[in-house]
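Structure assessment
If you want the building blocks of each chain, they are given just below.
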Amino acid sequence: MLLEGLTALQIFDDNVAELKLSWIRGLEGSDRKFPTEAVRAAAASSDLVGHLNLIHPSRIQIFGEQEVDYHADLTAEQRHAQIANLISKTPPCVIVADGRTADPDLELFCQRSSTPLFTTPVSAAEVIDHLRTYLTKIGAPQVTMHGVFMDILGLGVLITGESGLGKSELGLELISRGHGLVADDAVDFARLGPDYIEGRCPVILRNLLEVRGLGLLDIRTIFGETAVRRKLKLRLIVQLVRRNDGEFERLPLDAQFVDVLGTQIRTVKIQVAAGRNLAVLVEAAVRNTILQLRGIDTLKEFIERQREQMITESEQPKSQGRLI
């Protein structure tokens, strides 16, 4: 979704089921847009939706039980002035939560100004938490990457490489071994947290895998519901390289990382050559990554063994030759 296209109507449609929303006033304001810069800040700030707040009136305004009771205790003049001040700042929409009835003055001002007014039986706290998560996803930094995104042993793995190296065929073999497909060819990634990159499949490519010679395969239909995933956290990138790749390092001493949306993601390189079982190698790479995430580093343990062996040998007295 384009940030510039996030309107009150879209907010309503995307959340009507979860929040049980009812649109009671301001239908003419369905095209009212959420401030673009505010949505872009969603990943770094939660100050986009909240209880009645005249300091930040451009937020989505929530009237909970306390706010409704507070307004009821005001004089008519005070209530009119406060609502007029709020509406003059053109909030994207106003939501009355906790199953409370909207104040007649609030309904009147919303109707006159074409400000969308929603009501919901859901608690104000739950509405705020849900909309903060929703806006964070909408405003999160995003990028589309080429490759096959798989669920391998519960780990989100992106298989990348040059065209013609057999990424899709490798994905098909991994699926036949019980792993799951998230996306093939194009993967949409969004940073939902400091170290959380979520990958999804574009709707047009959902459940599909293209294999040369076979065409498009509907993985869900062929292998069943458990063979596909809707989304997954990116934890590892497997780069397939040709055998003559001069940048390939056989035994990297340090962990390798790739920057994705400002987050460092572990990566491994696997050479493609005749006779190599790439599916087994990828599974092994994933298992090794899981161990590393648990603090177990096989290479470091081997280097430590070597160091201890060298120290032991250096401390042993040298044998003296016998004279005959």
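Located above this text is the structure these notes cover.
Here is a short report on the structure shown in this document. Numbering of residues begins from 1 in every chain and follows the order in which that chain's sequence is written. Side-chain atom pairs in this predicted model are given and counted only at pLDDT of 80 or more, local residue features only at pLDDT of at least 70, and totals for whole chains, interfaces and linings cover all residues. Note that the side-chain values use all heavy atoms of the structure and ignore hydrogens as well as water.

Points about the overall build of the chain
Starting at the N terminus, helices and strands are each numbered in turn, a helix being any DSSP run of H or I of at least four residues and a strand any DSSP run of E of at least two. Looking only at helices and strands, the chain has ten helices and 14 strands in total. Among the 324 residues that make up the chain, the fraction classed as buried is 40%. Only protein chains enter the accessibility calculation, which uses a 1.4 Å probe; a residue is then buried when its area is under 20% of its type maximum, exposed when over 50%, and partly exposed in between.

Some remarks on the pairing of strand E7 (residues 155-161)
In terms of burial, E7 is largely enclosed, as six of its seven residues are buried. By the bridge criterion, five bridges tie strand E6 (residues 142-152) to E7 in an arrangement that is antiparallel. Within E7, the position partnered with Ile152 by the bridge is Leu155. Two strands make a pair as long as DSSP finds a minimum of two bridges between them. Connecting E6 to the next strand, E7, in antiparallel fashion are two residues, including Leu153 with a positive phi near 55 degrees. Relative to strand E12 (residues 231-242), E7 runs parallel, the two sharing six bridges. Its bridge partner being in E12, Thr160 is matched across the sheet by Gln239.

Some thoughts on the packing of aromatic side chains
Stacked, edge-to-face and tilted labels apply to pairs of Phe, Tyr and Trp rings (six-membered ring for Trp) whose centres lie within 6.5 Å, assigned for plane angles under 30 degrees, over 60, and everything in between, in that order. If you walk through the whole model with that rule in mind, you get four aromatic pairs. Look at Phe12 and Trp23: their rings are 5.2 Å apart centre to centre, the planes differ by 55 degrees, and that puts the pair in the tilted class. Placement of the pair is Phe12 in helix H1 (residues 8-19) and Trp23 in strand E1 (residues 22-25), with a sequence separation of eleven residues. For Phe12, a relative accessible area of 13% corresponds to the buried category. Exposure remark for Trp23: the relative accessible area of 16% places this residue in the buried category. Ring geometry for Phe12 and Phe118: centres 5.1 Å apart, planes at 55 degrees, overall tilted. Here Phe12 is found in helix H1, whereas its partner Phe118 is found in strand E5 (residues 117-119), with 106 residues between them in sequence. The exposure classification of Phe12 matches that of Phe118, with both residues buried. Taken together, Phe12, Trp23 and Phe118 form an aromatic cluster joined through their ring pairs.

Re helix H5 (residues 104-113)
Listed in full, the buried residues belonging to H5 are Asp105, Leu106, Glu107 and Cys110. Pairs of residues are marked as contacts when any of their non-hydrogen atoms sit within 4.5 Å. Summarising the contacts, the buried residues of H5 are in contact with E1, strand E3 (60-63), helix H4 (76-88), strand E4 (94-96) and E5. In the analysis that follows, any N or O atom pair within 3.5 Å is treated as a polar contact, provided that within protein one partner can donate a hydrogen and the other can accept it, and provided that, for residues neighboring in sequence, both atoms belong to side chains. The N-cap of H5, judged by a side-chain oxygen 2.7 Å from the amide nitrogen of Asp105 a few residues on, is Asp103. Count one or two residues on from H5 and you reach Ser114, which has phi positive near 55 degrees.

Quick look at the pairing of E12
One ladder, built from three bridges, connects strand E9 (residues 196-200) with E12; its direction is antiparallel. By the bridge assignment for E12, Arg200 is matched with Lys231.

Focus on the packing of H1 against helix H6 (residues 124-139)
Between N-to-C directions, angles span 0 to 180 degrees; the directions come from axes that are lines fitted to C-alpha atoms, helices contributing only their stretch in contact. Running from amino to carboxyl end, H1 crosses H6 at an angle of 135 degrees, the nearest separation of the two axes being 11 Å. Classified by the angle their axes make, H1 and H6 are oblique. The handedness of the crossing between H1 and H6 is right-handed. Two secondary-structure elements touch here, H1 through Gln10, Ile11, Asp14, Asn15, Glu18 and Leu19 and H6 through Val127, His130, Leu131 and Tyr134. Here the contact of H1 with H6 is composed, by residue class, of five nonpolar, three polar and two charged. Should an angle fall under 35 degrees it is taken as roughly parallel, and over 145 as roughly antiparallel, whereas 65 to 115 is taken as roughly perpendicular and any remaining angle as oblique. Note on convention: the crossing is left-handed when the near helix lies turned anticlockwise from the far helix by less than a right angle, right-handed when the turn is clockwise. Ten residues, namely Ala, Val, Leu, Ile, Met, Phe, Trp, Tyr, Cys and Pro, are considered nonpolar, four, namely Asp, Glu, Lys and Arg, are considered charged, and the remaining ones, Gly among them, are considered polar.

A few points about helix H7 (residues 167-176)
Counting along an α-helix, one turn takes 3.6 residues, and residues three or four places apart therefore face a common direction. Within H7, seven of the ten residues are buried, which leaves it mostly tucked inside the rest of the structure. Restricting attention to buried positions, one finds in H7 the residues Lys167, Ser168, Leu170, Gly171, Leu172, Leu174 and Ile175. At the C-terminal side of H7, Gly178 shows a positive phi close to 105 degrees.

Description of the side chain of Glu107
Within the secondary structure, Glu107 sits in helix H5. Look past the residues within four positions of Glu107 in its chain and what remains in contact with it is Ile24, Arg25, Ala102 and Leu117.

Let's talk about the state of the cysteines
Count a disulfide wherever a pair of cysteine sulfur atoms falls within 2.5 Å. Evaluation of the coordinates by the stated rule reveals zero disulfides. Sulfur of Cys110: no disulfide; nearest cysteine sulfur belongs to Cys93 and is 9.8 Å away. For Cys110, a relative accessible area of 0% corresponds to the buried category.

Some remarks on the pattern of salt bridges
What makes a salt bridge here is a side-chain nitrogen of Lys or Arg within 4 Å of a carboxyl oxygen of Asp or Glu, nothing more. Enumeration according to the criterion identifies eleven salt bridges in this entry. What emerges from the salt-bridge pattern is a single network uniting Glu65, Asp69 and Arg100.

A word on unusual backbone geometry
Note: most residues except glycine have negative phi, and most peptide bonds are trans. A positive phi is found at Ser114, a non-glycine position, where the angle reads about 55 degrees. Secondary-structure assignment places Ser114 in the loop between H5 and E5. You can call Ser114 partly exposed: its relative accessible area is 23%. Positioned with a positive phi, Asp185 is a non-glycine residue whose angle comes to about 80 degrees. Along the polypeptide, Asp185 turns up in strand E8 (residues 180-193). Judged by relative accessible area, which is 37%, Asp185 ranks as partly exposed.

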